[in-house]
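Fold and contact review
What follows is each chain in one-letter form.
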Amino acid sequence: HVQLVESGGGLVQPGGSLRLSCAASGFTFSMYAMWWFRQAPGKERELVATITSAGGVTNYADSVKGRFTISRDNAKNTVYLQMNSLKPEDTAVYYCNVIITIPYWGQGTQVTVSS
């Protein structure tokens, strides 16, 4: 069965960096585009970044463009989100996602940006 397990979240000061990972299993990872979403308290879940199956094309929300980088290692069945220059408004639970007929979600990892 499809499993997505996020890790790498934590508490970081404004201006700091974190690298999130999402380990995937139960499907042929290299065949599917992957997404990172986030959900802040009291807000709707929003798309942060996407990457195509081979990693050749990436897209970002305007709010993170130039600060976040999505990447993947198909040999390790893992997608990453490098987050630099973090701001308090980046505080949220971050989820990875894959759509295989239906969407699958991980459990999420909390990112808190605060001094």
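Everything below is about the structure shown above.
Described below are features of the structure shown in this document.

Cut-offs used in this document
Each chain carries its own residue numbering, running from 1 in the direction its sequence is written. Predicted model: local features are reported for residues with pLDDT of at least 70 only, side-chain atom pairs are reported and counted for 80 or more only, and whole-chain, interface and lining totals are derived from all residues. As a rule here, side-chain values cover all heavy atoms of the structure and leave hydrogens and water aside. Any Lys or Arg side-chain nitrogen found within 4 Å of a carboxyl oxygen on Asp or Glu counts as a salt bridge. The buried label applies to any residue whose accessible area, calculated with a 1.4 Å probe on protein chains only, is under 20% of its type's maximum; exposed applies above 50%, and partly exposed to all values in between. The secondary structure listing takes helices from DSSP runs of H or I that are at least 4 residues long and strands from runs of E that are at least 2 residues long, numbered from the N terminus. When the centres of two rings from Phe, Tyr and Trp lie within 6.5 Å, Trp using its six-membered ring, the rings pair. Their planes under 30 degrees apart give stacked, over 60 give edge-to-face, and anything left gives tilted. Disulfides are defined in this document as cysteine sulfur pairs within 2.5 Å.

1. Details of the pattern of salt bridges
Throughout the structure, instances matching the rule amount to four salt bridges. Across the pair K65 and D62 runs a salt bridge, and its minimum N-O distance is 3.1 Å. Both residues of the pair, K65 and D62, belong to the exposed class. Across the pair R67 and D90 runs a salt bridge, and its minimum N-O distance is 2.7 Å. Note that R67 is positioned in the loop between β6 (58–60) and β7 (68–73) and D90 in the loop between β8 (78–83) and β9 (92–100), a separation of 23 residues in sequence.

2. Side note on the packing of aromatic side chains
Applying the stated rule across the entire model yields four aromatic pairs. With a centroid separation of 6.2 Å and 50 degrees between ring planes, the pair formed by F27 and F29 is classed as tilted. On the basis of relative accessibility, which here comes to 14%, the residue F27 falls in the buried class. By relative accessible area, F29 is classed as buried at 1%.

3. Description of the state of the cysteines
As enumerated under the stated definition, the model contains one disulfide in all. The disulfide partner of C22 is C96, and the gap between their sulfur atoms is 1.9 Å. The S-S bond linking C22 to C96 shows a torsion near 50 degrees; that makes this disulfide right-handed. Linking C22 in strand β3 (residues 18–25) with C96 in strand β9, this pair joins segments that are 74 residues apart in sequence. Exposure remark for C96: the relative accessible area of 0% places this residue in the buried category.

Function-wise, these values are silent; they only describe arrangement.
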